[in-house]
Amino acid sequence: MEDLRPLAKRVAEELVSSEFAVVLTGAGVSTASGIPDFRGPQGLWRVVDPSLFEITYFYRNPLESWRLFAARFGSLREVKPNPAHLAIARLEQMGLIKAVITQNIDGLHQAAGSRRVIELHGNARYAVCTECGRKYPIEDALKAVSEGRLPTCPVCGGLLKPDVIYFGEPLPPDALQEAFTLAEGSDLFMVVGSSLAVSPANQLPVVAKSRRAKLIIVNVGETMLDDIADLKVEAPVERFMPMVCAIAEDMLSSRSECRSSAGLTYSGPLGGRGAR
Ligand code: ZN
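Residues numbered from 1 in each chain as written. Predicted model: local features only at pLDDT ≥ 70, side-chain atom pairs only at ≥ 80, totals over all residues.

Draft legend 1. Structural detail: the overall build of the chain. Along its length, the chain carries 11 helices and 9 strands. Among the 276 residues that make up the chain, the fraction classed as buried is 41%. Relative to all contacts within the chain whose residues are 6 or more apart in sequence, the contacts with residues 24 or more apart total 66%. (Helix = DSSP H or I, 4+ residues; strand = E, 2+ residues; numbered from the N terminus. Buried ≥ 20, exposed ≤ 12 C-beta atoms within 10 Å, placed from the backbone. Contact = placed C-beta atoms within 7 Å.)

Written as structure tokens, this is what we have:
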């Protein structure tokens, strides 16, 4: 297999020299956690009729729709973050990544320790009230469904729905706005584990590029935007991102050692960037 280290070093250098790096993740980040891609050859939509996850179907047959959700996504509660999630969280802790925008609904970035996570398609670990908008952990709703009851809001009695975006539903406007603002403000935009087949997420790198950000894509397989990327890395993200993280850690620690041996003021836990 190709030696990924020179590429990982280049990406780490870009991160360390960036001022405002933003990451967009897709299904490819979660496949190493055992979550099947939705659109790939083994993808969910090859075995499940997507029309069963349309919002009109949910409101016509809420209990049946909840049962389908429980069968397909109930086990998401048991999956664990993989080395790609952990590396992205660590890069944020080091101050090298400002935010993660994700198309995934598994909550694994937060489970790995990422703090600023913008979820474009919701989060399957929560249920949301269709009347008042309050959110609840999904467990109680799934328990009701398993007992043949429709889950309802303890506050207003409204019907609960999994807090994920169904086909035919608009994306959450606040998350979308925040994602575009982040893309516009970034000077480095990294796509990790997405083939960029889904709009509007695939507009984010285009917006970032138009504001002169560098675009790095890490993915197995072609993406829709390979031709405008400054760097495309063809590699499993769960192998590549930990390499980037380790090299960036070395760069930052050697930097702070130089600073202290030169008698310069120590400016933060990581020196340099970490203090910003
Ligand atoms: Zn409610």
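From this point, the discussion proceeds with the structure in view.
Draft legend 2. How the structure looks around the sheet that holds strand β1 (residues 21-25). A sheet is described by the order of its strands in space; here 6 strands give the open sequence β3-β2-β1-β7-β8-β9, paired in parallel fashion. In the strand order of this sheet, the two ends are held by β3 (117-119) and β9 (231-233), each with one partner. Across the sheet, the mean angle from the axis of one strand to that of its neighbour is 15°, orientation sign disregarded. Running over the sheet, helix α1 (residues 5-17) touches β1, β7 (188-192), β8 (214-218) and β9 and is turned about 140° from β8. With respect to the sheet, helix α9 (residues 173-185) is in contact with β1, β2 (99-102), β3 and β7, its orientation differing from that of β3 by roughly 130°. (Pairing = 2+ DSSP bridges. Axes fitted to C-alpha atoms, helices over the stretch in contact; angles between N-to-C directions.)

Draft legend 3. Spotlight on the sheet that holds strand β6 (residues 160-164). Taken in spatial order, the 3 strands of this open sheet run β5-β4-β6, and their pairing is antiparallel. In the strand order of this sheet, the two ends are held by β5 (135-137) and β6, each with one partner. For this sheet, the mean angle separating the axes of adjacent strands, direction not counted, is 45°.

Draft legend 4. Geometry of the environment of Val 191. Mapping Val 191 onto the fold places it in strand β7. With 169 residues separating them along the chain, Val 191 and Val 22 place their C-alpha atoms 8.7 Å apart. If we skip the residues at most four places from it in the chain, Val 191 touches Leu 24, Leu 196, Pro 205, Ile 217, Val 218, Asn 219 and Thr 223.

Draft legend 5. Representation of the pairing of β2. Of the two faces of β2, the one lined by Ala 99 and Ile 101 and the one lined by Val 100 and Thr 102 are each fully buried. With 4 bridges joining them, β1 and β2 adopt parallel strand pairing. Paired with Leu 24 across the two strands is Ile 101, which belongs to β2. As paired strands, β2 and β3 are joined by 3 bridges and run parallel to one another. Bridged to Thr 102 within β3 is Glu 119.

Draft legend 6. Fine view of the environment of Val 164. By the secondary structure assignment, Val 164 is in strand β6. Since 20 C-beta atoms lie within 10 Å of it, Val 164 is described here as buried. Sequence-wise, Val 164 and Glu 119 are 45 residues apart; in three dimensions their C-alpha atoms are separated by 9.5 Å. In this structure Val 164 touches Ile 105, His 121, Gly 122, Asn 123 and Ala 124, once residues within four positions along its chain are discounted.

Draft legend 7. Just the confidence of the model for the chain, in detail. In this model, the chain carries an average pLDDT of 90, and 88% of its residues clear a pLDDT of 70 or more. Across residues 265-276 the pLDDT falls below 50, and counting only partners more than four positions away or on other chains, this stretch makes 27 contacts in the model. (pLDDT = per-residue confidence, 0-100.)

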